[in-house]
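# Secondary and tertiary structure notes
The lines below spell out each chain.
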Amino acid sequence: MDISVVIPLLNEEESLNELHDWIAKVMQSNRYSYEILFIDDGSTDTSWEVIEQLSKKNTSVKGIRFQKNYGKSQALNAGFKEVEGDVVITMDADLQDSPDEIPELYNLIAKDGFDLISGWKKKRYDSKIRKNIPSKLFNAAARKTSGLKLHDFNCGLKAYKKEVIKSIDVNGEMHRYIPVLAKNAGFNKIDEKVVAHQARKYGVTKFGIERFINGFLDLITIWFLSTFGKRPMHLFGFLGTIMFIVGCTFAFYLGIDKLFFNPTGRLITERPQFYIALVTMIIGTQLFLAGFLGEIMLRTKSDTKRYFISNKINL
């Protein structure tokens, strides 16, 4: 199969028919073999009924329905497990991503040999105050932290080599950082392509300003996990050891000073160095134990189910 299109959605009943027809037209005009996988992330409207109708009209349409809203990352993760295409393309269901970009994205992966191509919505039709300016700040921080020179990490329109999406685990809110996850997994041929951004035609956005706050927190998380996720003792153990040595040094100094140089002076408990020594030794011990517990958890953790699927179509 040439292309798998993965589309996570939440309450997008108005746009699904138009989106399906647009994608199908592009696929048929280019003679691609394809599948369209809709992941209904707990919609409360008739989105699932629309997907069922589309699957009866077009056998290339497939569907996954979550029992409730688990988030975009879980939807993408479920979709990535099921797809079969050599090139996997993700896009949003709100018609703001143009399916006309599919042939070029496909060629960049299949013919030019890229592992991942991320869309760059250079010209946007979103609110400048609520989306554009926060998005620029967020992307600048992501570039600095990850080392990837991408302008739009959070663009829903991306293309992947099949091996990439089968090698990464998208969880939590990490859909924003799939390029970083791919890089950490050893896929280095990552680039971007300027893509068209359409003004929203139906409904309202499902994301508010809080997504940028969460985005920055997730950026810190992914930096930590990519650097120390498999070896927490290297960070916590190192910091704990340094703190403990500092505390012991102060305690040793106080003991020598009291025993040999100033035995009739102030009590040790009246000197600020005593509390510095006490606090740093306690913090050092706690940090060391945190690293030790982290190592134990890594070695004993079991994968837990992050979402529950209530229905599937053509899978």
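Residues numbered from 1 in each chain as written. Predicted model: local features only at pLDDT ≥ 70, side-chain atom pairs only at ≥ 80, totals over all residues. Heavy atoms only, no water.

## Thoughts on the environment of Thr285
Here Thr285 is to be found in helix H10 (residues 272–300). A relative accessible area of 36% means that Thr285 is categorised as partly exposed. Sequence spacing of Thr285 and Phe244 is 41 residues, and the spatial spacing of their C-alpha atoms is 6.7 Å. (Helix = DSSP H or I, 4+ residues; strand = E, 2+ residues; numbered from the N terminus. Buried < 20%, exposed > 50% of the residue type's maximum accessible area, 1.4 Å probe, protein only.)

## Considerations on the pattern of salt bridges
Side-chain pairs of opposite charge can arise where the charged atoms are in close proximity. Evaluation of the coordinates by the stated rule reveals nine salt bridges. Measuring nitrogen to oxygen at the nearest pair gives 2.9 Å for the salt bridge that ties Lys72 to Asp92. Of the two residues, Lys72 is situated in helix H3 (residues 72–82) and Asp92 in the loop between strand E4 (87–90) and helix H4 (102–110); the sequence distance between them amounts to 20 residues. Classification of Asp92 as buried rests on a relative accessible area of 18%. The salt bridge involving Glu104 is made with Lys193; its shortest N-O contact spans 3.8 Å. Highlighted residues: Glu104 in helix H4 and Lys193 in strand E7 (residues 190–194), separated in sequence by 89 residues. Among the residues examined, Glu104 registers a relative accessible area of 48% and is labelled partly exposed. Sharing partners across several salt bridges, the network here consists of Glu101, Glu104 and Lys193. (Salt bridge = Lys/Arg side-chain N within 4 Å of Asp/Glu carboxyl O.)

## Concerning the side chain of Asp92
A distance of 2.9 Å separates a polar atom in the side chain of Asp92 from a polar atom in the side chain of Lys72. Look past the residues within four positions of Asp92 in its chain and what remains in contact with it is Ile7, Leu19, Lys72, Asp97 and Gly156. (Polar contact = N/O pair within 3.5 Å; in protein donor to acceptor, adjacent residues only side chain to side chain. Contact = heavy atoms within 4.5 Å.)

## Overview of a nonpolar patch on the surface
A cluster of nonpolar side chains, namely Phe238, Leu239, Ile242 and Val246, defines an oily patch on the protein surface of about 330 Å² accessible area. In this structure, Phe238 sits in helix H9 (residues 232–261). (Patch = residues over 30% accessible without salt bridge, like charges linked within 9 Å, V, L, I, M, F, W, Y side chains within 5 Å. Areas by Shrake-Rupley, 256 points an atom, 1.4 Å probe, with all protein chains shown as cover.)

## A few points about unusual backbone geometry
We note that Asn11 has phi near 55 degrees; this positive angle belongs to a residue other than glycine. Within the element layout of this structure, Asn11 appears in the loop between strand E1 (3–9) and helix H1 (16–30). With phi around 60 degrees, Arg31 is a residue other than glycine that occupies positive phi space. Turning to its location among the elements, Arg31 is positioned in the loop between H1 and strand E2 (34–40).

## Side note on the sheet that holds E4
The eight strands lie next to each other as E7-E5-E6-E4-E1-E2-E3-E8, forming an open sheet whose pairing is mixed. The sheet is open, and its two edges are formed by E7 and strand E8 (309–313), each paired on a single side. With direction set aside, neighbouring strand axes in the sheet form an average angle of 15 degrees. Packing against the sheet, helix H2 (residues 47–57) makes contact with E1, E2, strand E3 (61–66) and E8, and its axis sits at approximately 155 degrees to E3. The strands touched by H4 are E1, E4, strand E5 (116–120), strand E6 (158–161) and E7; relative to E4, the strand with the most contacts, the crossing angle is about 140 degrees. (Pairing = 2+ DSSP bridges. Axes fitted to C-alpha atoms, helices over the stretch in contact; angles between N-to-C directions.)

## Considering the packing of aromatic side chains
Counted under the stated rule, the structure contains five aromatic pairs. Relative to Tyr275, the ring of Phe274 has its centre 5.1 Å away and its plane inclined at 85 degrees; by these criteria the two rings are edge-to-face. An aromatic cluster is defined as three or more aromatic residues linked by ring pairs; in this entry it consists of Phe66, Tyr70 and Tyr307. Positioned above the aromatic ring of Phe114, the side-chain terminus of Lys189 is 5.5 Å from the ring centre. (Phe/Tyr/Trp six-rings, centres within 6.5 Å; stacked < 30°, edge-to-face > 60°. Lys NZ or Arg CZ within 6 Å of the ring centre and 35° of its normal.)

## Brief notes about empty space enclosed by the protein
One pass over the full model with this rule turns up one cavity of 30 Å³ or more. Estimates place the volume of the largest cavity at around 90 Å³. Around the largest cavity, the lining comprises 15 residues; the ones closest to its centre are Lys72, Leu76, Cys155, Gly156 and His175. Secondary structure elements with two or more residues in the lining of the largest cavity: H3 and E6. Taken together, the residues that form the lining of the largest cavity break down as seven nonpolar, four polar and four charged. (1 Å grid on protein atoms, 1.4 Å probe; cavity = no way out; pocket = protein on both sides within 12 Å on 5 of 7 lines; lining within 4 Å. Points joined across faces, edges and corners; volume = space filled by probe spheres on them. Nonpolar A, V, L, I, M, F, W, Y, C, P; charged D, E, K, R; others polar.)

## Considerations on H2
Taken together, the buried positions of H2 are Ser47, Trp48, Val50, Ile51, Leu54 and Ser55. The arc that holds every buried residue of H2, seen down its axis, measures 155 degrees, which confines them to one face. Counted as exposed and oriented over 90 degrees from the buried face of H2: Gln53, Lys56 and Lys57. On its buried face, H2 sits against E1, H1, E2, E3 and E8. (Arc of directions from axis to C-beta.)

## Details of the environment of Ala159
In this fold, Ala159 is placed in strand E6. For the pair formed by Ala159 and Ile3, sequence separation is 156 residues and the distance between their alpha carbons is 9.6 Å. Discounting residues that sit within four places of it in the chain, Ala159 has contacts with Val88, Ile89, Leu105, Ile109, Asp115, Leu116 and Ile117.

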